[in-house]
Amino acid sequence: MQRVCVIGPCGAGKSTLALQLGERLGLPVVHMDRLNWRAGWVEVGREELVRQLEEVLEQPRWIIDGNYGGTMGMRLSQADAVIFLDLPRWVYRWRVVKRLLQGWAGRTRPDMTEGCPERLDREFLVYVWRFHRDARPRIFERLAELPEGVELITLRSRREVAGFLERLSD
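Below is a summary of the structure that appears in this document. All values derive from a computational prediction rather than experimental measurement.

1. Structural notes on helix α4 (residues 69-78)
So, point 1. T71, M72, R75 and L76 are the residues of α4 that are buried. Across the axial projection of α4, the buried residues extend over an arc of 150°, all falling on one side.
So, point 2. For α4, the elements touching its buried residues are β1 (3-7), α2 (32-36), α3 (46-57), β5 (62-65), β6 (81-85) and α6 (122-144).

Here is the structure:
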């Protein structure tokens, strides 16, 4: 694995897994959230996002975490491996709430652009709540169209994620 996409719902652990993979495989990690947002939750705009992403995709080795449906095709077409965190709804929904309970509200997570503090607004909650119904089927459609030779790894539980990482360490 030299060019890896990590996708899945908010709270599934995409960024954490990407960082762990980066350590084990010696690959640079790029967070889509950092490419898309400037301080104060200002989006860079599609043109700038695509330009930045193209620069990353030109590199021979990378791990990119995040969904961003508008650019997912670009990433999937260049990846040699895709990891889909298809965790149960209750797991990722709980983790989103847990971030706030653990004191992330008002603080910037390490995988996010500085100046974009964690927030739990209605729009975000609705997106997380509806992910399984709305976004997940679209992800499956994209995964069905992966180019031949791309390894698809679907992890459906915390145990499967831990086992996958353990096998990489062997």
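2. Concerning the pattern of salt bridges
So, point 1. Applying the stated criterion to the full structure yields five salt bridges.
So, point 2. Of the charged contacts in the structure, one is a salt bridge between R136 and D86, with a shortest N-O distance of 2.7 Å. On the criterion of sequence distance, the pair formed by R136 in helix α6 and D86 in the loop between β6 and α5 (89-101) is long-range, its members being 50 residues apart.
So, point 3. According to the relative accessible area criterion, D86 is buried, its value standing at 8%.
So, point 4. Linking R133 and D134 is a salt bridge whose minimum nitrogen-to-oxygen distance equals 2.7 Å.
So, point 5. Overall, the relative accessible area of 56% leaves R133 in the exposed class.
So, point 6. A relative accessible area of 30% means that D134 is categorised as partly exposed.

3. Some details on the nonpolar core
So, point 1. Counting 44 residues, the largest nonpolar core has V6, L17, L21, V82 and I83 as its most contacted members.
So, point 2. Among all residues touching V82, those that are not within four sequence positions of it are C5, I7, L76, L143, L146, V150, E151, L152 and I153.

4. Remarks on the packing of α3 against α4
Packed helix pairs are specified by the crossing angle of their axes together with the interaxial distance, meaning the distance between the axes.
So, point 1. Between α3 and α4, the shortest axis-to-axis distance is 11 Å and the interhelical angle comes to 10°. With respect to their mutual orientation, α3 and α4 come out roughly parallel. Where α3 abuts α4, its residues R46, L49, V50, L53, E54 and L57 lie against G70, T71, M74, R75 and Q78.
So, point 2. Partitioning the contact of α3 with α4 into residue classes produces five nonpolar, three polar and three charged.

Cut-off values and rules
Residues numbered from 1 in each chain as written. Predicted model: local features only at pLDDT ≥ 70, side-chain atom pairs only at ≥ 80, totals over all residues. Heavy atoms only, no water. Buried < 20%, exposed > 50% of the residue type's maximum accessible area, 1.4 Å probe, protein only. Helix = DSSP H or I, 4+ residues; strand = E, 2+ residues; numbered from the N terminus. Arc of directions from axis to C-beta. Contact = heavy atoms within 4.5 Å. Salt bridge = Lys/Arg side-chain N within 4 Å of Asp/Glu carboxyl O. Core = buried A, V, L, I, M, F, W, Y, C linked by side-chain atoms within 4.5 Å. Axes fitted to C-alpha atoms, helices over the stretch in contact; angles between N-to-C directions. Parallel < 35°, antiparallel > 145°, perpendicular 65-115°, else oblique. Nonpolar A, V, L, I, M, F, W, Y, C, P; charged D, E, K, R; others polar.

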